[in-house]
There are 2 protein chains.
Amino acid sequence: MDDNAFREAATASIDEIIKYYASLGERPVVSTVEPGYLRKLLPDAAPEQGEAWNVIRQDVEDKIVPGLTHWQSPNFFAFFPCPASYPSILGELYSATFAAAAFNWICSPAITELETVVLDWLAQLLGLPEEYLSTGPTRGGGVIHGTASEAVMTAMTAAADKYLRAALAADHPGFETLAKEEKEDLRALRRSRLVALGGGTAHSSAKKAAQVLGLRYRSVPAPAANGYYINGDGLRETLAKVRAAGLEPFFLSTTFGTTDTCAVDDYASIVEVLDADLKTQVAAGRDAAASDIWVHVDGAYAGSALVAPETRAIMCPAPLDPSNPNSEATGTAVLRRFHSFNMNMHKWLLTNFDCSCLFVRDRRWLVDALGADAHYYKNDYSDGGLVTDYRDWQLPLGRRFRSLKVWFVLRTYGGEGLRAYIRRSISLGERFADSLKARSDLFEIITGPQFALTVFRAAKLTADEPLEVTSARTRRVCELVNGGGKIWVTGTTLEGGVAAIRVMTGNFSTHAEHVDGASKIFVETAEKVLAEEKAKSA
Amino acid sequence: MDDNAFREAATASIDEIIKYYASLGERPVVSTVEPGYLRKLLPDAAPEQGEAWNVIRQDVEDKIVPGLTHWQSPNFFAFFPCPASYPSILGELYSATFAAAAFNWICSPAITELETVVLDWLAQLLGLPEEYLSTGPTRGGGVIHGTASEAVMTAMTAAADKYLRAALAADHPGFETLAKEEKEDLRALRRSRLVALGGGTAHSSAKKAAQVLGLRYRSVPAPAANGYYINGDGLRETLAKVRAAGLEPFFLSTTFGTTDTCAVDDYASIVEVLDADLKTQVAAGRDAAASDIWVHVDGAYAGSALVAPETRAIMCPAPLDPSNPNSEATGTAVLRRFHSFNMNMHKWLLTNFDCSCLFVRDRRWLVDALGADAHYYKNDYSDGGLVTDYRDWQLPLGRRFRSLKVWFVLRTYGGEGLRAYIRRSISLGERFADSLKARSDLFEIITGPQFALTVFRAAKLTADEPLEVTSARTRRVCELVNGGGKIWVTGTTLEGGVAAIRVMTGNFSTHAEHVDGASKIFVETAEKVLAEEKAKSA
């Protein structure tokens, strides 16, 4: 493909892309192909001779697009959103062009430096404490990972390393002078007692990270009675239980906006319990650094909302204990007490997948655990401060130029544009919830609207209706709504077997008319299901 | 940014991109900015109001491009190449447009199915045994990861899981019936004895994977005398050593094309030693499945060469022991005896970063270790065969639509085009090596040309010249060549402190004239360094 062929191909593609976006509202949201459809349409092997672009492009429309589920459709109310935007597409275009395996600074200084700058911009936009900025007082900073799964695995890796270093040094005087094999033995044995904690409603990524890293994992209860989030009581209980079993808790994954209900963990009480726990551990002769359990805050989806300052109080509404030196730490300031935070711009901030931003309060934790020269092979640590090698902040060596799309998005929309988008999403969520409230004969809201997510179920017909009946009705409504093909929503099962429906209104393309359309479909469907039930019982 | 603004912006960007490629030969290869240059050029915070595209685009040219090191320059002879291509850029364009967090089949069937199809195409193009195809007899298949680091970590995770399952079941009768905590204790303790092995010249990714996973790691010697690769003798020695220390080897990372010299491990003797080891272990009463050490073949760079059939014999030139049932397994057929293989299309197959293709002989190993429902929580394994959920083949849940760019590249170039590119790269390597041979007064080739990589040093002036003198001369030549700014090469230090220079001729933009230009620079520089030495000693 020469320059002219590329110009022609790319120009035609741009028209296709614009047409694709324009057509989204008309297309069925969910693909209706059968499993294995594509293999039947494609040859068994790559062609021997190269093919012309117009043949390939036609295949995109004819063979790929029918197999897509359109996440950016205005009628996609499922899961969480995952929209691209025109500036973010341009970011990928340039990123692909400036191809490089930028594994250190000189391999392409702009790739490293732009990332540092735009993640500082983003941290400010989100109202994170300055400790999470690269220029902050505690050597913090942000790094772009692919997904929240990678972010939480990286945080967990750093936390385990931080714990083991402190615990081994404290419990084995002269540890550093031991032979390499002895150190390794002690480290491996100690690691086998470690346990990571995560909220019972936390995303599967925390558990999977532990599974991959070969670490134990325990859930902190997040009961329905509490609102599906974890609090200090549950944490205290879990800590007591794992310690009684001889295990060593080192990491807690908390959630700012859980997957099922967008619940927010009760950070004020969590801080209280952690502070008390730390005091107890130290009083019992344990090392203070090791006893400082790493707290990761996963705001994969809801973290984007923080660009709108009025959402920040949701993170920590209660003032902390006034005798606590962090007593002023309400809202995002509570992050000062924690260790890492991540949010996915690719979920709710107009940047196409993948763009998970991980912020840490002290980047040395990452570099110690992931640096090319691991701390246990050297004694002095050097951080010039000028040159960042992000390979030491993550597992992979090479890196894509992902900060370009972040830069393009932040500049094209500006703080104003991003806030407006978030606020519109949230207010559409309220509009949808209001429509359910207006039909309390048909629907019962379980949680929300919170962060553009409403979780609800079919209303009970009688106060003493058994749960299974209400859940079956809820599932039937969900099934029929999704089967209708006009909108796509997510059915889920909450604690205690409560079937529920999640409706998320965060897509960029979603406007009031689409939300009203969805409400109408729900009302009609629920009425139909009730009629079915009536007919059956008649 | 509305449709028209996007059309205008994208069209202008395409012209910029074409101009960028056209200008590559004229630009200095390595960026000359100072650390911290970009922060000085950018505001301290994101703008409040959105900015127009033409302002942003101008900043790309003015502020970003000067900070790029141009990996696609025809004068980039460093590391390994990392070229994009026009069809691969179009792939990213569409991939960004079809944004989705495609974590399972229905989330976008085409994203899953195209990946399965094109990785089967690729496996065939590379001449992998059919065991590595999704349609093969052993439930194999390929999956696109971001980088080789992620591929090797994933393989190591699956290997540890496979080992632990087999070993625990064998050594603890009734293991599955034990309480969850007991199983967990046994597993964690056993895991603490595991050791991963990797070649002494293997890429750092294997060691880093072990570091992240909290697993021990030992290098198998890859001495200069052997040609910088590992063989059966070194492996036998290492196995004996780790077993004597009470450790349990479960994984061996081997290399098809090492980073420093593109050396290829001696697979025939490795198979011999592994077969003998397996026999010994089983005779000693160990479980056969646990004793089957997982062998990963990392062909991150050189793997691409396999599209040219004449390179395949390099993988395993010696016929295996004829009494061995795999005796016909020369070339890539030796992979039948192994477990996983990865190659990065983003290194040498015209697909922009990131695109690391991991192939396994049995995909159940991945799903068992990484599946949402880990095997130790359930007893029966179900694989419908029709629907693949790639989230169970990797750590991250969500996935980018990376197979599009693979599809576009394979179709645009065809098998023919890809082979032609690989062969041109290799023959340019030979051309460069010939130019060094013609000046044996100045240069001594250490290894190669192999896979378009030549490793050489300054010639000794006398037969008994001390190593430090030759190494200092080599480093000086490298420094001056890179300092000249016309070409970029990599200096390295091989075993025993032998300084060397690596020249890689795999870039798509590199042609004979650029290689001849590089040769000329080397000759002139070496002559200059000799003159300097003479002047100093005079």
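Going by the annotation in an unreviewed UniProt entry, the name recorded for chain A is Aromatic-L-amino-acid decarboxylase, with Sporothrix stenoceras given as the source organism. Its UniProt record, at the heading Cofactor (unreviewed entry), says of chain A: "pyridoxal 5'-phosphate".

Some words on the interface of chain B and chain A
On the chain A side, the residues contacting the 139 residues of chain B number 139 residues. Together, the buried faces of chain B and chain A total about 12,200 Å²; carbon and sulfur atoms form 65% of this surface. Ranking the residues of chain B by area buried against chain A places Phe6, Leu395 and Arg411 of chain B at the top, with a combined share of 6%. Across the contact surface, chain B and chain A share 20 salt bridges. Its salt-bridge partner being Glu48 of chain B, residue Arg419 of chain A comes within 2.5 Å of it at the nearest N-O pair. Scanning the region where chain B abuts chain A turns up 63 residue pairs in polar contact (both at pLDDT 80 or more). By residue number, the principal contributor to the side of chain B that touches chain A is helix 1 (residues 3–23) of chain B, which donates 14 residues. For the side of chain B that touches chain A, the residue count by class is 76 nonpolar, 29 polar and 34 charged.

So, the pairing of strand 10 (residues 490–494) of chain B
All names here are of chain B. Along strand 10, the buried face is formed by Thr490, Thr492 and Leu494; none of Gly491 and Thr493, which line the opposite face, is buried. Here five bridges tie strand 10 to strand 11 (residues 498–504), and the two strands are oriented antiparallel to one another. Residue pairing across strands places Gly491 opposite Ile501, the latter belonging to strand 11.

A look at unusual backbone geometry
Look at the link from Phe353 of chain B to Asp354 of chain B: it is a cis peptide, with omega at 10°. Here Asp354 of chain B lies in the loop between helix 12 (345–348) and strand 7 (356–360). Backbone geometry places Tyr228 of chain A, a non-glycine residue, at a positive phi of 65°. Structurally, the position occupied by Tyr228 of chain A is in the loop between strand 3 (216–220) and helix 9 (232–244). Assessed through its relative accessible area of 7%, Tyr228 of chain A is described here as buried. One non-glycine residue, Arg139 of chain B, adopts positive backbone phi at about 55°. Its location among the elements puts Arg139 of chain B in the loop between helix 5 (109–125) and strand 1 (141–145). Judged by relative accessible area, Arg139 of chain B falls into the partly exposed class, the value being 32%.

Description of the relation of the copies chain B and chain A
Superposing chain B onto chain A takes a rotation of 180° combined with a translation of 0.0 Å along the rotation axis, leaving an RMSD of 0.0 Å. Here the symmetry operator amounts to a two-fold rotation axis. Scanning chain B for the C-alpha nearest the rotation axis identifies Leu213 of chain B, at a separation of 2.3 Å. Taken together, the interface assignments show that 100% of the residues at the interface of chain B recur at the interface of chain A, consistent with an identical surface on both copies.

Cut-off values and rules
- Residues numbered from 1 in each chain as written.
- Chains lettered and ligands numbered in written order.
- Predicted model: local features only at pLDDT ≥ 70, side-chain atom pairs only at ≥ 80, totals over all residues.
- Heavy atoms only, no water.
- UniProt positions renumbered as here; feature names shortened; annotations may be inferred.
- Contact = heavy atoms within 4.5 Å.
- Buried area = accessible area lost by both parts, 1.4 Å probe.
- Salt bridge = Lys/Arg side-chain N within 4 Å of Asp/Glu carboxyl O.
- Polar contact = N/O pair within 3.5 Å; in protein donor to acceptor, adjacent residues only side chain to side chain.
- Helix = DSSP H or I, 4+ residues; strand = E, 2+ residues; numbered from the N terminus.
- Nonpolar A, V, L, I, M, F, W, Y, C, P; charged D, E, K, R; others polar.
- Buried < 20%, exposed > 50% of the residue type's maximum accessible area, 1.4 Å probe, protein only.
- Pairing = 2+ DSSP bridges.
- Least-squares fit on C-alpha atoms with pLDDT ≥ 70 in both.

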